Amino acid sequence: MLKGKTALITGGSRGIGAAIARAMAAQGANVALVYAGNQQAAEEVAGQCAALGVTAKSYQCDVADFAAVKALVAAVKEDFGSIQILVNCAGINADGLILSMKEEAFDRVVAANLKGTFNLIRHCSPLFLRAREGCIINVSSVAGLMGNAGQANYAAAKAGIVGLTKSVARELAPRGVTCNAIAPGFIRTDMTAGLEDSPLVANIPLGRMGTAEEVADLAVFLAGAGYITGEVIRIDGGIAM
């Protein structure tokens, strides 16, 4: 379904990003993996993708750095020839109650999650518009839809991604470019380690945490869905319904 296309995936060295990279590679997409600091993990995922018969390469980049992202997109275009799919999955958390949250913790989370998403869209959009095709998939969170105590910075950033997604979808639709968001709930990753027995999980209607592979399946679907744009699709076991 994605054969011959190139997917640029941030946060691709672990968790949901790595699962999306493998799933898109399995559908024939070449993969440009972006990682923040764990080169070994990124190269391992790139190797797993390459073993599926596609071209895969890893790139280190601080997605919150506007100039660095511009250079990244130029490098990926040089190496792969073009980019058809952008997946913004890079993200961090620095949880804490609002009464004690440091300014630095708020700024750092918003920069990585929200500004990073903007930076990638800003620098990939010209390629998509010239080609009159492109698919942008932003990873938000149900925390951005519901709010979550102790995560004001994270929830604010993820809510911002929702507004960004809908605005970009409206702007780019006339040139055939789609932009959608995925809003995961509790997904089994490094970020949620230790939550399996949490009361929060007991509140999930389906009674379990999701898997990164389930989120990846949704991303692959959206990458091939040319008539869906501006949507925010929850994948949360029903916790936010």
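Keep in mind that what you see is a predicted model, and the values were worked out from it rather than measured.

Criteria and cut-off values
Residues numbered from 1 in each chain as written. Predicted model: local features only at pLDDT ≥ 70, side-chain atom pairs only at ≥ 80, totals over all residues. Heavy atoms only, no water. Helix = DSSP H or I, 4+ residues; strand = E, 2+ residues; numbered from the N terminus. Rg over C-alpha atoms; globule rule 2.2 N^0.38 Å. Buried < 20%, exposed > 50% of the residue type's maximum accessible area, 1.4 Å probe, protein only. Areas by Shrake-Rupley, 256 points an atom, 1.4 Å probe, with all protein chains shown as cover. Lys, Arg positive; Asp, Glu negative; His and termini not counted. Charge placed at Lys NZ, Arg CZ, Asp CG, Glu CD. Core = buried A, V, L, I, M, F, W, Y, C linked by side-chain atoms within 4.5 Å. Contact = heavy atoms within 4.5 Å. Pairing = 2+ DSSP bridges. Axes fitted to C-alpha atoms, helices over the stretch in contact; angles between N-to-C directions. Phe/Tyr/Trp six-rings, centres within 6.5 Å; stacked < 30°, edge-to-face > 60°. Salt bridge = Lys/Arg side-chain N within 4 Å of Asp/Glu carboxyl O. Parallel < 35°, antiparallel > 145°, perpendicular 65-115°, else oblique. Left-handed = near helix turned anticlockwise from the far one by under 90°. Nonpolar A, V, L, I, M, F, W, Y, C, P; charged D, E, K, R; others polar. Expected span 1.5 Å × (residues − 1).

Here we take up the overall build of the protein. Helix and strand content of the protein: eight helices and seven strands. A compact globule built from 241 residues should have a C-alpha radius of gyration of about 18 Å, and the protein, at 17 Å, falls within 12% of that. Each principal axis of the C-alpha atoms in the protein carries an extent, and together these give about 45 × 35 × 35 Å. In the protein, which comprises 241 residues, the proportion classed as buried is 50%. Of the roughly 11,100 Å² that the protein leaves accessible, carbon and sulfur atoms contribute 54%. Computed over 20 positive and 20 negative side-chain charges, the inter-centroid distance for the protein is 9 Å.

Once that is clear, we can look at the nonpolar core. Judged by nonpolar contacts, the single largest core of 34 residues is most densely connected at Ile 9, Ile 20, Met 24, Ile 85, Val 87 and Ile 137. Residue assignment for this core shows that the elements contributing at least two residues are strand E1 (6-10), helix H1 (15-26), strand E2 (30-35), helix H2 (39-50), strand E4 (85-88), strand E5 (134-139) and helix H8 (212-223). Other than its neighbours up to four places away in sequence, Ile 137 contacts Met 24, Leu 86, Val 87, Asn 88, Asn 180, Ile 182, Ala 219, Leu 222 and Ala 223. Counting residues in hydrophobic clusters, the runner-up holds 26 residues, among them Leu 8, Val 34, Val 69 and Leu 120.

This part covers the sheet that holds strand E6 (residues 177-184). Strand order in this open sheet of seven strands is E3-E2-E1-E4-E5-E6-E7, and the pairing throughout is parallel. With one partner strand each, in any of the chains shown, strand E3 (56-60) and strand E7 (232-235) form the two edges of the open sheet. Neighbour to neighbour, the strand axes of the sheet diverge by 20° on average, direction disregarded.

Okay, the packing of aromatic side chains next. Using the criterion set out here, one finds one aromatic pair in the structure. Seen in terms of ring centroids, Phe 66 and Phe 118 are 6.3 Å apart; in terms of plane orientation they differ by 20°. Their pairing is stacked. Of this pair, Phe 66 sits in helix H3 (residues 66-80) while Phe 118 sits in helix H4 (residues 103-131), and the two are 52 residues apart along the sequence. The class for Phe 118 is partly exposed, based on a relative accessible area of 37%.

A few words on the pattern of salt bridges. Inspection of the entire model under this criterion finds four salt bridges. With a closest N to O distance of 2.6 Å, Arg 108 and Glu 104 form a salt bridge. With Arg 108 and Glu 104 both in helix H4 and four residues apart, the pair spans about one turn of that helix. Given the relative accessible area of 37%, Arg 108 is considered partly exposed. Judged by relative accessible area, which is 46%, Glu 104 ranks as partly exposed. In this structure, Glu 214 engages Arg 208 in a salt bridge whose closest nitrogen and oxygen atoms are separated by 2.7 Å.

The subject of this paragraph is the packing of H1 against H2. Interaxial distance between H1 and H2 falls to 9 Å at its minimum, and their mutual angle equals 20°. By the angle between their axes, H1 is roughly parallel relative to H2. Handedness of the crossing formed by H1 with H2: right-handed. When H1 is examined against H2, the residues Ala 18, Ala 21, Arg 22 and Ala 25 are found in contact with a partner set consisting of Val 45, Gln 48 and Cys 49. Here the contact of H1 with H2 is built from residues that sort into five nonpolar, one polar and one charged.

Now for the packing of H4 against helix H6 (residues 152-172). Two elements in contact, H4 and H6, have axes separated by 8 Å at closest approach and are oriented at 15°. One way to sum up the angle between H4 and H6 is to call them roughly parallel. In the packing of H4 onto H6, the handedness of the crossing is right-handed. Contact with H4, carried on its side by Ala 105, Phe 106, Val 109, Val 110, Asn 113, Leu 114, Thr 117, Phe 118, Ile 121, Ser 125 and Leu 129, involves Ala 152, Asn 153, Tyr 154, Ala 156, Ala 157, Lys 158, Gly 160, Ile 161, Leu 164, Val 168 and Leu 172 of H6 and no other residues of that element.

Take unusual backbone geometry next. Even without a glycine there, the phi angle at Arg 132 is positive, about 55°. Within the secondary structure layout, Arg 132 lies in the loop between H4 and E5. Residue classification places Arg 132 among the exposed positions, given a relative accessible area of 53%.

Taking 1.5 Å of rise per residue, the 15 residues of H3 would be expected to cover 21 Å, and the 21 Å separating its terminal C-alpha atoms lies within 8% of that figure. Contact partners of the buried residues in H3: E1, E2, E3 and H4. Within two residues after H3, Gly 81 carries a phi angle of roughly 95°, on the positive side.

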